[in-house]
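Close look at the chain arrangement
Take a look at the letters that make up each chain.
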Amino acid sequence: MTEAYVALEGGHVLEGRGRASGTARGELVFTTAYTGYEESLTDPSYEEQVLTFSYPLIGNYGVREERFESDRVHPRAVLAKELTEDVAEWLESEGVPAVDHLDTREVVTDIRDGGAMKCGIAVGEDVTEEDALAELEQCKAMSDHTDIGAQVSVDEPIVHGEDNDGPDVALIDCGAKGSIVDSLLERDATVHVFPYDAATEDVAAVAPDILFISNGPGDPVNFEGAIELVEEFVEDTPVAGICLGQQIVAEALGGSTEKMDFGHRGVNQPVLDLESGQVVMTTQNHGYTVADPGEHLEVTQINVNDDTPEGIDGVEFDVITRQYHPEANPGPEDTLDFFDDVLAMASERADSRAVPADD
Ligand SMILES: NC(=O)CC[C@H](N)C(=O)O
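Computed from a predicted structure; not experimentally measured.

This model, assessed by the stated rule, comprises 16 salt bridges. A salt bridge links E27 to K259, with the shortest nitrogen-to-oxygen separation between them at 2.6 Å. In this pair, E27 sits in strand 4 (residues 22-31) while K259 sits in strand 16 (residues 256-273), placing the two residues 232 residues apart along the sequence. Residue class for E27 comes out buried when judged on its relative accessible area of 7%. Overall, the relative accessible area of 39% leaves K259 in the partly exposed class. The salt bridge involving D340 is made with R187; its shortest N-O contact spans 2.8 Å. You can see D340 sitting in helix 10 (residues 337-354) and its partner R187 sitting in the loop between helix 6 (178-186) and strand 13 (190-195), a full 153 residues away along the chain. A relative accessible area of 39% places D340 in the partly exposed class. One salt-bridge network, held together by shared partners, links R17, R19, E82, E85 and D100.

This brings us to the UniProt feature "active site" (unreviewed entry) in the chain. Summarizing the sequence annotation, UniProt attributes the feature "active site" (unreviewed entry) to C243, H325 and E327 in the numbering used throughout. Taking the farthest pair of C-alpha atoms as the criterion, the annotated set spanning 85 residues converges on one region, since that pair is 11.1 Å apart. The subset of these annotated residues that lines the largest cavity comprises C243. Among the structural elements, H325 can be located in the loop between strand 20 (319-322) and helix 10. Aside from chain neighbours lying at most four places away, what touches H325 is S45, K177, N215, I242, C243, T283, Q284, N285 and T335. Looking at the element boundaries, E327 is found in the loop between strand 20 and helix 10. Once residues lying within four places of it in the same chain are set aside, the contact partners of E327 are K177, S179, I180, S183, I242, L336 and F339. Here H325 takes part through its side chain, which lies 2.6 Å from a polar atom of the side chain of E327.

Turning our attention to the domain arrangement of the chain. Often, the extent of an interface is quoted as the loss of accessible area upon association of its parts. Examined at the domain level, the chain breaks down into domain 1 (3-140) and domain 2 (149-354). Here the C-alpha centroids of domain 1 and domain 2 sit 28 Å apart. Domain 1 puts 27 residues into the contact, and the matching count from domain 2 is 21 residues. When the area that domain 1 buries against domain 2 is broken down by residue, the three leading residues are P44, S45 and E69, summing to 28%.

Moving on: the sheet that holds strand 10 (residues 117-124). Taken in spatial order, the 8 strands line up as 2-1-10-4-5-7-9-3 in an open sheet, and their pairing is mixed. Taken across any chain shown, the strands that pair with only one partner, and hence form the sheet edges, are strand 2 (13-15) and strand 3 (17-20). On average, adjacent strands in this sheet sit at an angle of 30 degrees to one another, irrespective of strand direction. Strand direction decides the pairing type here: strand 4 and strand 10, joined by 7 bridges, are antiparallel. Bridge pairing links T23 to A122 in strand 10. Relative to strand 10, helix 4 (residues 129-138) is tilted by about 145 degrees, and along the sheet it contacts strand 1 (3-8), strand 2, strand 4 and strand 10.

Rules used in this analysis
Residues numbered from 1 in each chain as written. Predicted model: local features only at pLDDT ≥ 70, side-chain atom pairs only at ≥ 80, totals over all residues. Heavy atoms only, no water. Salt bridge = Lys/Arg side-chain N within 4 Å of Asp/Glu carboxyl O. Helix = DSSP H or I, 4+ residues; strand = E, 2+ residues; numbered from the N terminus. Buried < 20%, exposed > 50% of the residue type's maximum accessible area, 1.4 Å probe, protein only. UniProt positions renumbered as here; feature names shortened; annotations may be inferred. 1 Å grid on protein atoms, 1.4 Å probe; cavity = no way out; pocket = protein on both sides within 12 Å on 5 of 7 lines; lining within 4 Å. Contact = heavy atoms within 4.5 Å. Polar contact = N/O pair within 3.5 Å; in protein donor to acceptor, adjacent residues only side chain to side chain. Domains from an automatic or database assignment. Buried area = accessible area lost by both parts, 1.4 Å probe. Pairing = 2+ DSSP bridges. Axes fitted to C-alpha atoms, helices over the stretch in contact; angles between N-to-C directions.

Written out as structure tokens, the structure is:
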């Protein structure tokens with residue numbers, strides 16, 4: 001019989017039904033998303049995490065590659081109340097352990113009370129509680145994954161939409177979701193995707209109209225290369241960022257970030273725009289937040305539940321970032337106009353550069 005154990009930080013071990021075998025460890029988090037499991041499971045931001053779905057049935061509309069956000073599953077393991085056969089088979093084929101028939105209300109309550117925590121998983125014919133505890137023992141804190149960018153970024157630069165007429169975007173791939181690239185291409189941009197640790201001169205060589213820092217896993221302070229790029233470019237080139245990108249921009253411009261207790265993960269996080277007074281529903285997946293934007297940045301949008309910064313603008317520089325995922329996938333599309341705003345900023349800069357020198 002397949003045994004399945006989940007060892008939580010502190011040593012409490014849960015028993016469930018094994019749906020995909022293997023052993024794993026990671027930071028235990030939960031998402032309240034009730035749809036979009038294909039997108040969430042392929043979102044590189046979940047690297048080194050163990051994802052618990054609080055919605056009780058996951059997998060009821062199958063597994064379709066066209067919904068994937070990257071070419072593999074990123075969470076180290078998956079926990080749920082009930083996983084369908086389709087999802088269980090997919091996870092087995094990806095080598096990602098999965099456990100269901102768990103009381104996910106208990107798991108979520110534990111995370112809400114204790115914060116995102118380390119955990120160890122063991123699923124297989126003859127695994128024991130001790131195997132899960134041994135995984136837990138070896139689990140690192142998220143901030144100790146100091147080169148996590150290398151696990152999720154492209155190795156070499158790639159260009160998408162070379163023949164497009166819109167602005168040239170330098171997208172720093174810290175674990176970018178495919179939908180971010182698609183949202184830019186749909187708006188006629190040329191997207192130059194660079195590795196997370198790209199050198200300034202390589203990015204400068206494409207003369208980008210905007211520097212765009214992607215989403216990604218882990219602690220923003222571990223993305224020193226991207227932080228440096230923002231510092232180097234911000235005086236002359238507009239800068240945009242999504243999720244990890246917002247945090248990296250804050251770190252670069254004199255602000256600071258901090259770890260949240262259990263973060264925001266779901267598809268109905270309400271965000272208030274401070275200028276218009278409008279509230280939009282957003283998709284989120286983050287465990288860190290901007291603690292202090294610093295004097296060069298101003299908070300323009302906040303989370304209605306806990307007032308954390310959700311949108312940030314530059315005070316004297318052309319900077320626009322979002323903590324949530326405007327590209328949706330999964331979740332509501334209320335915030336897609338972020339990409340119009342980003343590209344308008346880039347076009348303006350491109351037009352001003354196009355003025356002949358003797359004019
Ligand atoms: N989706 C993201 O980009 C996540 C950002 C960062 N890793 C966090 O957890 O806060």
